[in-house]
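This is what each chain is made of:
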Amino acid sequence: MVHIIADSTCDLSKDLVEKYGIIIQPLYIHLGEEEYQDGVTITPDEIYRWSEETKETPKTAAVSMADMLDLYEKYSADGDEIICFSISDDMSTTGNVMRMAAEEMDAQDRIFVVNSANLSTGIGLLVLEAATMAQNGMCAKDIVAKIEELKPLVRASFVVDTLTYLHRGGRCSGVAALAGGMLKLHPRIGVEDGKMGPGKKYRGKMSSVILEYVKDMEEDLKTANTDRVFITHSGCDQEIIDEVRSYLEQLNRFDEILVTRAGGVISSHCGPGTLGVLFIAG
C-alpha cells in the first residue's frame, strides 16, 4: 500500500482529504509566544483577529523531526510505502526535515519526499493526482516519476486584496504597501520554479479585479487538464467566489471545479481576501 502525506499548506478541504485517503501533517503558527498547529488548534479567522488587534504578523514554522518520525513509524510499520509532499523548498525547510527523517529511519527505499516547488492547492493538485494513482495500485516509485513530470505544468497564482500582511512579513516595502492601499492596487502573485514573484497589478474593487484576473488566464484555462481546477481563497465574499465559479463553468472545460479555503500558514502570509485559480496545464 502507498500512503500519501502532505503538509498542511496544500489547502485541501476535509472532504477531499477523506475522499482520497490523504494524511495531513500540520505546520506550526506562532502568535506571539503561543504556538499552534495549522488547521488543528487555530483557524485563519482567529489569526486575522490576533493580527489586527496586535498589528503584528504571525510567524510560521516547519514540521519537526519528531513529527515526521512519528508519522513514518505509524504508516510504514507494515512495510508500506510513503510519498510525502512538501511546500516548495524555497519557501520552507519542511521538505528537508521530511527527507532527514526518512534518512534517520534508513527508509529512503520506502519513503519518498516530493518537493512540490509550489504552495497551497498548487501542491494539492499534485497530491490528488498521486492519491488517485495510489488508489489505482501504482507503486510509489512510478507515482513519483509521474508527479515529477507534472510539476512544471502546475499553474498557481493569486490576487492579493491587501498588502498589509505581505508588508508586515517583510515581503514588500512600506512604500509599496502604502501605495497599494491608496491606489487600490492588487498584485498578482505567481509561483514559478518554486518561488513567488509579482506579476500584473490590478486596480479597483476586488469584485472586478478578480474577474479580470481570471479572464486574463482564459486561453490557458481553455487548454488546461480537464480533471479539475481549484478556486482557493483566504476569506472572500461568497458573491466573488460564485462569480468565479460561474465563469469557469461557462468555459465547459473542467470535470470538477473545487473551492477550498486557504489554511492558517498560507493565510498568515497573504491576509484575508486573497483568491487564486489553480490548475494543471494541458
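Since we're looking at a predicted model, the values are computed, not measured.

## As for the overall build of the protein chain
Across its full length, the protein chain carries 12 helices and 14 strands. Computed over the C-alpha atoms, the radius of gyration of the protein chain is 19 Å, within 12% of the 19 Å expected from 2.2 N^0.38 for a compact globule of 282 residues. Projected onto its principal axes, the C-alpha coordinates of the protein chain cover approximately 60 × 50 × 30 Å. Buried residues in the protein chain amount to 51% of all 282 residues. Considering only intrachain contacts with a sequence separation of at least 6, the fraction spanning at least 24 residues in the protein chain is 76%. Carbon and sulfur atoms make up 48% of the accessible area of the protein chain, which amounts to about 12,900 Å² in all. Side-chain charges in the protein chain split into 27 positive and 45 negative, and the spacing between the mean points of these groups amounts to 8 Å.

## A closer look at the packing of helix α5 (residues 121–135) against helix α6 (residues 140–150)
Direction vectors running N to C along α5 and α6 enclose 150°, while the axes themselves pass 10 Å from each other. Relative to α6, the element α5 lies roughly antiparallel. Crossing handedness for the pair α5 and α6: right-handed. Along its contact with α5, which presents L126, E129, A130, M133 and A134, the element α6 presents I143, K146, I147 and L150.

## A word on the environment of V160
With respect to the secondary-structure elements, V160 resides in the loop between β9 (157–159) and α7 (164–168). Sequence spacing of V160 and V209 is 49 residues, and the spatial spacing of their C-alpha atoms is 10.0 Å. Filtering out sequence-adjacent residues up to four positions away, V160 remains in contact with L166, H186, P187, I189, M206, C270 and T274.

## Looking at the sheet that holds strand β1 (residues 2–7)
Strand pairing in a sheet is mediated by backbone hydrogen bonds. Such pairs are either parallel or antiparallel. The parallel open sheet is built from 4 strands, whose spatial order is β2-β1-β6-β7. The outermost strands of the open sheet, each flanked by one partner alone, are β2 (22–25) and β7 (111–115). Within the sheet, the average angular offset between the axes of one strand and its neighbour, ignoring direction, is 25°. Contacts between helix α3 (residues 65–75) and the sheet are confined to β1, β2, β6 (81–86) and β7, with β2 contributing the most and set at about 160° to the helix.

## Observations regarding helix α11 (residues 238–250)
Along its 13 residues, α11 runs 18 Å from first to last C-alpha, staying within 8% of the 18 Å computed at 1.5 Å per residue. Those residues of α11 that sit buried are I240, I241, V244, Y247 and L248. Along α11, the residues classed as buried sweep out an arc of 125° about the axis, all on the same side. At its buried positions, α11 is contacted by α9 (206–216), α10 (218–222), β12 (224–233), β13 (256–261) and β14 (275–281). Directly after α11, the chain includes N252, whose backbone phi takes a positive value near 55°.

## What to know about the state of the cysteines
This model, assessed by the stated rule, comprises 0 disulfides. There is no disulfide at C84, and the cysteine sulfur nearest it, in C10, is 12 Å away. As a non-bridged cysteine, C139 has C84 as the owner of its nearest cysteine sulfur, 16 Å distant.

## Digging into the packing of α3 against helix α4 (residues 94–104)
Where α3 contacts α4, the axes come no closer than 9 Å and their chain directions differ by 55°. The angle between α3 and α4 falls in the class oblique. As α3 runs across α4, the sense of the crossing is right-handed. Listed contacts from α4 to M65, M68, L69 and Y72 of α3 are V97, M98, M100, A101, A102 and E104.

## Thoughts on the environment of G79
By the element assignment, G79 lies in the loop between α3 and β6. With relative accessibility at 43%, the residue G79 sits in the partly exposed group. Along the chain, G79 and A6 lie 73 residues apart, while their C-alpha atoms are 19 Å from each other.

## Observations regarding the environment of K146
Along the chain, K146 falls in helix α6. Of the residues examined, K146 reaches a relative accessible area of 37% and is grouped as partly exposed. On a C-alpha basis, the gap between K146 and H233 in space is 28 Å, while along the polypeptide they are 87 residues apart.

## Here we look at helix α2 (residues 44–54)
Turning to α2, its buried residues are P44, I47, Y48, W50 and S51. Seen from one end, α2 has its buried residues packed into an arc of 165°, which puts them on one side. The positive-phi residue at the C-terminal boundary of α2 is K55, with phi of around 60°.

Reading guide: rules and limits
Counting restarts for each chain, with residues numbered from 1 along the sequence as it is written. For this predicted model, a pLDDT threshold of at least 70 governs which residues receive local features, and a threshold of 80 or more governs which side-chain atom pairs are given and counted, while totals over whole chains, interfaces and linings are taken from all residues. Side-chain measures here rest on the full set of heavy atoms in the structure, leaving out hydrogens and waters. For helices the rule is a DSSP run of H or I covering at least 4 residues; for strands it is a run of E covering at least 2, with both sets numbered from the N terminus onward. Just to be clear, the radius of gyration here is over C-alpha atoms, and the globule rule we use is 2.2 Å times residues to the power 0.38. Only protein chains enter the accessibility calculation, which uses a 1.4 Å probe. A residue is then buried if its area is under 20% of the maximum for its type, exposed if over 50%, and partly exposed in between. Any two residues whose heavy atoms approach within 4.5 Å at even a single point are treated as in contact. Surface accessibility follows the Shrake-Rupley procedure with a 1.4 Å probe radius. Residue values consider only the protein chains on display as shielding. The positive count covers Lys and Arg only, the negative count covers Asp and Glu only, and His and the chain ends enter neither. We put the charge of a Lys on NZ, of an Arg on CZ, of an Asp on CG and of a Glu on CD. To get an axis, fit a line to the C-alpha atoms, keeping to the stretch in contact for a helix; angles then go from 0 to 180 degrees between the N-to-C directions. Under this scheme an angle from 65 to 115 degrees is roughly perpendicular, one under 35 degrees roughly parallel, and one over 145 degrees roughly antiparallel; angles in between are oblique. In this scheme the crossing of two helices becomes right-handed for a clockwise turn of the near helix relative to the far one and left-handed for an anticlockwise turn of less than a right angle. We call two strands paired when DSSP finds no fewer than two bridges between them. What a helix should span is 1.5 Å times the count of its residues minus one. The directions considered for the arc run from the helix axis to the C-beta atoms. Criterion for a disulfide: a pair of cysteine sulfur atoms within 2.5 Å.

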